[in-house]
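Architecture at a glance
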Amino acid sequence: MIQYQIKLNIDQVKDFVNAASRCDFDIDIAYNSFIVDAKSIVGVLGLDLRKIMTVTCSDYDPDFNLYMKQFAVAC
């Protein structure tokens, strides 16, 4: 399992969901106790985008890993 701490703005959600959808493994995005499928644009838009969120991947994809680095925040 791989986790990333990220922050998205509303303009980045569509590209984020598209990138997650290209992966053939489960990806969740969470804030506090709310966990949604990262491949669901409705689910991601339902989260508080002003907060730092945790993305959990059940597998590794080098392209997705590189893509996630642009959203990474220091914890």
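Above: the structure in question.
Here's what I pulled together on the structure shown here.

The rules we used
Residues numbered from 1 in each chain as written. Predicted model: local features only at pLDDT ≥ 70, side-chain atom pairs only at ≥ 80, totals over all residues. Heavy atoms only, no water. Helix = DSSP H or I, 4+ residues; strand = E, 2+ residues; numbered from the N terminus. Rg over C-alpha atoms; globule rule 2.2 N^0.38 Å. Buried < 20%, exposed > 50% of the residue type's maximum accessible area, 1.4 Å probe, protein only. Contact = heavy atoms within 4.5 Å. Core = buried A, V, L, I, M, F, W, Y, C linked by side-chain atoms within 4.5 Å. Phe/Tyr/Trp six-rings, centres within 6.5 Å; stacked < 30°, edge-to-face > 60°. Arc of directions from axis to C-beta.

What follows is about the overall build of the protein chain. Each helix and strand counted, the protein chain has three helices and four strands in total. Ordered by position in the sequence, the α and β elements of the protein chain form the string β-α-β-β-α-β-α. On C-alpha atoms alone, the protein chain measures out to a radius of gyration of 11 Å, which is about the 11 Å that the 2.2 N^0.38 rule sets for 75 residues. Reported as C-alpha extents along the three principal axes, the dimensions of the protein chain are approximately 25 × 25 × 25 Å. The proportion of buried residues among the 75 residues of the protein chain is 39%. For the protein chain, contacts bridging at least 24 residues in sequence account for 66% of all contacts bridging at least 6.

As a further point, take the nonpolar core. If you look at the biggest cluster of nonpolar residues, it comprises 24 residues, and the most contacted ones within it are Ile6, Leu8, Phe16, Ile27, Ile29, Val55 and Phe64. Of all the secondary-structure elements, those providing two or more residues to this core are β1 (2-6), α1 (13-21), β2 (27-31), β4 (53-57) and α3 (62-68).

Now for unusual backbone geometry. One non-glycine residue with positive phi stands out, namely Asn32, at about 55 degrees. When you line up the elements, Asn32 lands in the loop between β2 and β3 (34-37). Under the relative-accessibility criterion, Asn32 is labelled exposed at 64%.

Right, let's talk about the packing of aromatic side chains for a bit. Applying the stated criterion across every chain yields a total of five aromatic pairs. Judged by centre distance (6.5 Å) and plane angle (45 degrees), the rings of Phe16 and Phe64 are tilted. Of this pair, Phe16 sits in helix α1 while Phe64 sits in helix α3, placing them 48 residues apart in sequence. The burial state of Phe16 is the same as that of Phe64; both residues are buried. A ring pair is formed by Phe16 and Phe71, whose centres lie 6.4 Å apart and whose planes are at 85 degrees; its orientation type is edge-to-face. Within this pair, whereas Phe16 is found in helix α1, its partner Phe71 is found in the segment after α3, the two being separated by 55 residues in sequence. Taken individually, Phe16 and Phe71 each receive the classification buried, so the pair is uniform in this respect.

Here we come to α1. Within α1, the full set of buried residues consists of Val13, Phe16, Val17, Ala19 and Ala20. Along the long axis of α1, the arc covered by the buried residues comes to 160 degrees, so they all point the same way. Tucked inside the fold, the buried residues of α1 contact β1, β2, α2 (41-45), β4 and α3.

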